[in-house]
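Report on the structure
Listed below are the residues making up each chain.
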Amino acid sequence: GLYCHSGTAAFGSLLVAIVQIIRAIAMKIQNEAKKAGNKVAEVLLACCNCWLYLLEKCLKFINKNAYIQTALFSTSFCESAKEAFFLISRNILRVGAVSF
């Protein structure tokens, strides 16, 4: 019941928080590389930050749908996220039309 659902919410939020922390560290290192004039490191870290930003957005989208799956079927976070991912991938055109 509620205990399972709160654990799912906590786990999903933890995953997003971990990515956000890594992204913040990468941004700090990127700023240091910019101050030092290291263009190669700056560009590589900018690419990493972009990738981490996209990962964060995907995680938030999957989390939202995993939470819905958990509420409907009382499954664990991982099972709900897997089912949500496959549901989205089976209906990708519909999701794109509604989301954007």
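Residues numbered from 1 in each chain as written. Predicted model: local features only at pLDDT ≥ 70, side-chain atom pairs only at ≥ 80, totals over all residues. Heavy atoms only, no water.

Observations concerning the confidence of the model for the protein chain
- For the protein chain, the mean per-residue pLDDT works out to 90, and 95% of the residues sit at or above 70.
- Highest mean pLDDT in the protein chain belongs to helix α2 (residues 39-73) (94); lowest belongs to helix α4 (residues 92-99) (78). (pLDDT = per-residue confidence, 0-100. Helix = DSSP H or I, 4+ residues; strand = E, 2+ residues; numbered from the N terminus.)

Some details on the state of the cysteines
- Within this structure, the stated rule accounts for zero disulfides.
- The cysteine cysteine 58 is free of any disulfide, with cysteine 50 supplying the nearest cysteine sulfur at 11 Å. (Disulfide = S-S within 2.5 Å.)

Thoughts on the side chain of serine 80
- Looking at the element boundaries, serine 80 is found in helix α3 (residues 77-90).
- Overall, serine 80 belongs to the buried group, its relative accessible area being 0%.
- Every residue in contact with serine 80, bar those within four places of it in the chain, is listed here: Ala66, Gln69, Thr70 and Thr75. (Buried < 20%, exposed > 50% of the residue type's maximum accessible area, 1.4 Å probe, protein only. Contact = heavy atoms within 4.5 Å.)

Points about a nonpolar patch on the surface
- Taken together, Phe11, Leu14, Ile18 and Ile22 make up a surface patch of nonpolar side chains, about 340 Å² in accessible area.
- The topology assignment puts phenylalanine 11 in helix α1 (residues 2-36). (Patch = residues over 30% accessible without salt bridge, like charges linked within 9 Å, V, L, I, M, F, W, Y side chains within 5 Å. Areas by Shrake-Rupley, 256 points an atom, 1.4 Å probe, with all protein chains shown as cover. Salt bridge = Lys/Arg side-chain N within 4 Å of Asp/Glu carboxyl O.)

Description of the packing of α2 against α3
- In the contact formed by α2 and α3, the axes pass within 8 Å of each other and the chain directions differ by 110 degrees. By the angle class used here, α2 and α3 are roughly perpendicular. When the axes of α2 and α3 are compared, the crossing they make is right-handed. When α2 is examined against α3, the residues Phe61, Ile62, Asn63, Asn65, Ala66, Tyr67, Gln69 and Thr70 are found in contact with a partner set consisting of Phe77, Ser80, Ala81, Glu83, Ala84, Phe85, Leu87 and Ile88.
- Class assignment of the residues belonging to the contact of α2 with α3 gives a composition of ten nonpolar, five polar and one charged. (Axes fitted to C-alpha atoms, helices over the stretch in contact; angles between N-to-C directions. Parallel < 35°, antiparallel > 145°, perpendicular 65-115°, else oblique. Left-handed = near helix turned anticlockwise from the far one by under 90°. Nonpolar A, V, L, I, M, F, W, Y, C, P; charged D, E, K, R; others polar.)

Considerations on the packing of aromatic side chains
- Using the criterion set out here, one finds two aromatic pairs in the structure.
- Between phenylalanine 11 and phenylalanine 77, the ring centres sit 5.2 Å apart and the planes meet at 75 degrees, which makes this aromatic pair edge-to-face. Here phenylalanine 11, found in helix α1, pairs with phenylalanine 77, found in helix α3; they are 66 residues apart in sequence, far enough to count as distant.
- According to the relative accessible area criterion, phenylalanine 11 is partly exposed, its value standing at 35%.
- What makes phenylalanine 77 buried here is its relative accessible area of 9%.
- A ring pair is formed by phenylalanine 85 and phenylalanine 86, whose centres lie 5.6 Å apart and whose planes are at 70 degrees; its orientation type is edge-to-face. (Phe/Tyr/Trp six-rings, centres within 6.5 Å; stacked < 30°, edge-to-face > 60°.)

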